[in-house]
Amino acid sequence: MASILFPSCDSTYCHKRALTGPLPSLVRLALARSGSPTVLTGLRGLLANSLSPPSSSFQLPQVCDSTYCHKRALTGPLPSLVRLALARSGSPTVLTGLRGLLANSLSPPSSSFQLPQVEGDWSQSQFMWNNQPVKRKRERVAEEEETPGTEREDAGVGNGTAAPVRLPFSGFRLQKVLRESARDKIIFLHGKVNEASGDRDSEDAVVILEKTPFQAEQVAQLLAGSPELQLQFGNDVYSTYRLSAPRQLSDVKTTVVYPATEKHLQKYLRQDLCLVRETGADYRNVTLPHLQAQSLSVQWVYNILDKKAEADRIVFENPDPCDGFVLIPDLKWNQQQLDDLYLIAICHRRGIRSLRDLTPEHLPLLRNILREGQEAILRRYQVGGERLRVYLHYPPSYYHLHVHFTALGFEAPGSGVERAHLLADVIENLEWDPEHYQRRTLTLALRADDPLLTQLQEAPPS
């Protein structure tokens, strides 16, 4: 069999190009990123989901062809996983999944990991590596500065792209700051766009700007050098500085809602919240008719379930149409650290709107989500169930049953007692009382301007 020769390339530019290439290029990048627990556990979970003997059309010398050996490989180090990935290269799931996994962990390879020194029998195999040492960080930075802009070429990944793109509109005239939070480092802006276009009227857009979390390894490198500082305060052992962060530490996550409707503007506008009690009769006579009149679309949810969108972001799937679900990272989590881990389980079964619809008929689905969701997160991120908060929102932000998985120490939006219902408690309540959520009075936190709040406040006692 002909040797597979990987060209030597240690820069971020080449890493981004590798993400658009065939599986061997991705494998090389996986080895370079083997110091990352996310890559190691993510690749293990990815291959576990596509487990089967390798295709006979792909000849890999000295590879065990039995499912048993494949399962053993899943518990081994990264080179064993890479060997299995090559054997499974005919699977689009492996190819796109590995590409998305590596895109989320993109950075130059660690200088502590020497590509030529691959452990096990890989060093004796027919897969050849250019025997060149990894460049020092200073050398890589110098090379990248000498070739500005090239790192963005041919960098499409999954449903997105690392190439330079433009906003989906022209111009942005600020109308109003809808909401901001100094604690969360986020701001919501409403603006008028496309005002310069002669063929159409101006439109509304919402732009959300959010500072991204720090990466420990990048911060350590910053402080080890000579950062640019301005002293703001000093007293005894305490001092405060203004530090000018380099580009890689100053990313701003930008979310665009365009064209934005009045409902979008109201959704993001800061409003006072009010608590109201909703009886079972209130739900049937007030809340449900209100929801049906709203006709809120969940087509974007169906696109995920049908693999029309975000297919490369799916962490785990139980494909059963009745009791199955997909597990996908929430867009609020950038997947760069585990402190704010946030995933969503979306059930395949349609027609289950919320907590109020649940009956013992849905217990197999709920148990699958709790057990299999925790197992998938343990495999992928090495976070055990005892460190996860697993819950449902009531009222939910959209009316298709979904379950939230967040890190226990993370104060996620909507995780307060007035809205979050632990999935384990939901299951036990249904085991004790089949009509628990049809009869129980629930507390809702609604915005002061929500018409449903007024309707519930004016509803006759039941």
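What counts, and at which threshold
Residues numbered from 1 in each chain as written. Predicted model: local features only at pLDDT ≥ 70, side-chain atom pairs only at ≥ 80, totals over all residues. Heavy atoms only, no water. Core = buried A, V, L, I, M, F, W, Y, C linked by side-chain atoms within 4.5 Å. Buried < 20%, exposed > 50% of the residue type's maximum accessible area, 1.4 Å probe, protein only. Helix = DSSP H or I, 4+ residues; strand = E, 2+ residues; numbered from the N terminus. Contact = heavy atoms within 4.5 Å. pLDDT = per-residue confidence, 0-100. Arc of directions from axis to C-beta. Polar contact = N/O pair within 3.5 Å; in protein donor to acceptor, adjacent residues only side chain to side chain. Pairing = 2+ DSSP bridges. Salt bridge = Lys/Arg side-chain N within 4 Å of Asp/Glu carboxyl O. Axes fitted to C-alpha atoms, helices over the stretch in contact; angles between N-to-C directions. Patch = residues over 30% accessible without salt bridge, like charges linked within 9 Å, V, L, I, M, F, W, Y side chains within 5 Å. Areas by Shrake-Rupley, 256 points an atom, 1.4 Å probe, with all protein chains shown as cover.

J.: Explain the nonpolar core to me, please; I cannot follow it from the model alone.
T.: Note on soluble globular proteins: their nonpolar side chains tend to be buried together. One finds Leu 327 and Phe 405 to be the most contacted residues of the largest nonpolar core, which totals 60 residues. No other element matches helix α12 (residues 363-381), which puts 8 residues into this core. With sequence-adjacent residues up to four places away left out, Leu 327 is seen in contact with Arg 313, Ile 314, Val 315, Phe 316, Leu 343, Ile 344, Ala 345, Gly 373, Ala 376, Ile 377 and Phe 405. Membership of the second largest hydrophobic core comes to 10 residues, among which are Ile 186, Ile 208, Ala 260 and Tyr 268.

J.: I tried to follow the confidence of the model for the protein chain on my own but got confused; where do I start?
T.: The predicted coordinates ought not to be read in detail in places where the model reports low pLDDT. For the protein chain, mean pLDDT is 74; residues scoring 70 or higher make up 64% of the total. Here residues 1-18 scores under 50 on pLDDT; set against residues more than four positions off or in separate chains, the count is 58 contacts. Contacts of residues 52-73 to residues separated by more than four positions or lying in other chains number 33 contacts, the stretch itself having pLDDT below 50.

J.: What exactly am I supposed to notice about helix α15 (residues 451-458) here?
T.: Because the α-helix completes a turn every 3.6 residues, residues three or four places apart line up on one side. Of the residues making up α15, those classed as buried are Leu 452, Leu 453 and Leu 456. The buried residues of α15 all sit within an arc of 105° when viewed along its axis, so they share a single face. Contacts made by the buried residues of α15 are with β11 (273-278), α10 (280-294) and β18 (442-447). Capping the start of α15, Asp 450 holds a side-chain oxygen 2.9 Å from the backbone nitrogen of Leu 452, two or three residues further along.

J.: I tried to follow the pairing of strand β5 (residues 173-181) on my own but got confused; where do I start?
T.: Within a regular beta strand, the side chains point alternately toward one face of the sheet and then the other, so they alternate between its two faces. Here 7 bridges tie β5 to strand β6 (residues 186-193), and the two strands are oriented antiparallel to one another. Bridge assignment links Glu 180 to a residue of β6, and that residue is Ile 187.

J.: Even after reading the chapter, I still don't get the pattern of salt bridges, so can you show me in this structure?
T.: Note on pairing: side chains with opposite charge can pair once their charged atoms come close. For the structure shown, the criterion picks out 14 salt bridges. Here Glu 278 ties to Arg 356 by a salt bridge, and the two come within 2.9 Å at their closest N and O atoms. With Glu 278 in strand β11 and Arg 356 in the loop between β14 (342-347) and α12, this residue pair connects regions lying 78 residues apart in the sequence. Taking relative accessible area as the criterion, Glu 278 reaches 0% and is therefore assigned buried. The class for Arg 356 is buried, based on a relative accessible area of 3%.

J.: Looking at this structure, I do not really get the sheet that holds strand β17 (residues 420-422). What am I missing?
T.: The pairing of strands in a sheet happens through backbone hydrogen bonds and is either parallel or antiparallel. What the 6 strands build is an open sheet, ordered β12-β13-β14-β16-β15-β17; its pairing is antiparallel. The open sheet has two edge strands, β12 (316-318) and β17, and neither has a second partner. Between one strand axis and the next, the sheet turns through 30° on average, direction left out of account. Taken together, the 5 bridges between strand β13 (residues 325-329) and β14 define a ladder with antiparallel strand orientation. Within β14, the position partnered with Leu 327 by the bridge is Ala 345. Sheet contacts for α12: β12, β13, β14, β15 (388-393) and β16 (402-407); angle to β13, the most-contacted strand, approximately 40°. Helix-sheet contacts for helix α13 (residues 423-432) involve β15, β16 and β17, and the interaxial angle to β17 is about 65°.

J.: Explain unusual backbone geometry to me, please; I cannot follow it from the model alone.
T.: For residues other than glycine, phi is negative in most cases, and the peptide bonds are mostly trans. With an omega dihedral of -10°, the bond running from Tyr 258 to Pro 259 counts as a cis peptide bond. Within the fold, Pro 259 resides in the loop between β10 (252-257) and α9 (262-268). Each neighbour pair has its own omega, and for Tyr 394 with Pro 395 the value is 0°, a cis peptide bond. With respect to the element layout, Pro 395 can be found in the loop between β15 and β16. Backbone geometry places Asn 194, a non-glycine residue, at a positive phi of 60°. Tracing the chain through its elements places Asn 194 in the loop between β6 and β7 (203-211). With a phi angle near 65°, Lys 307 is a residue other than glycine that sits in the positive phi range. Relative to the helices and strands, Lys 307 resides in the loop between α11 (299-305) and β12.

J.: I would appreciate a short explanation of a nonpolar patch on the surface in the present structure.
T.: A cluster of nonpolar side chains, namely Leu 223, Leu 229, Leu 231, Tyr 241 and Leu 243, defines an oily patch on the protein surface of about 490 Å² accessible area. Tracing the sequence through the fold places Tyr 241 in strand β9 (residues 238-243).

J.: Help me understand the sheet that holds β7 in this model?
T.: Overall, antiparallel pairing links the 4 strands, which are arranged β5-β6-β7-β10 in an open sheet. Since the sheet does not close on itself, it has two edges, and those belong to β5 and β10, each with one partner. The sheet shows a mean angle of 20° between the axes of neighbouring strands, taken without regard to direction. Bridge count between β7 and β10: 6 bridges; the pairing is antiparallel. Bridge assignment links Glu 210 to a residue of β10, and that residue is Lys 253.

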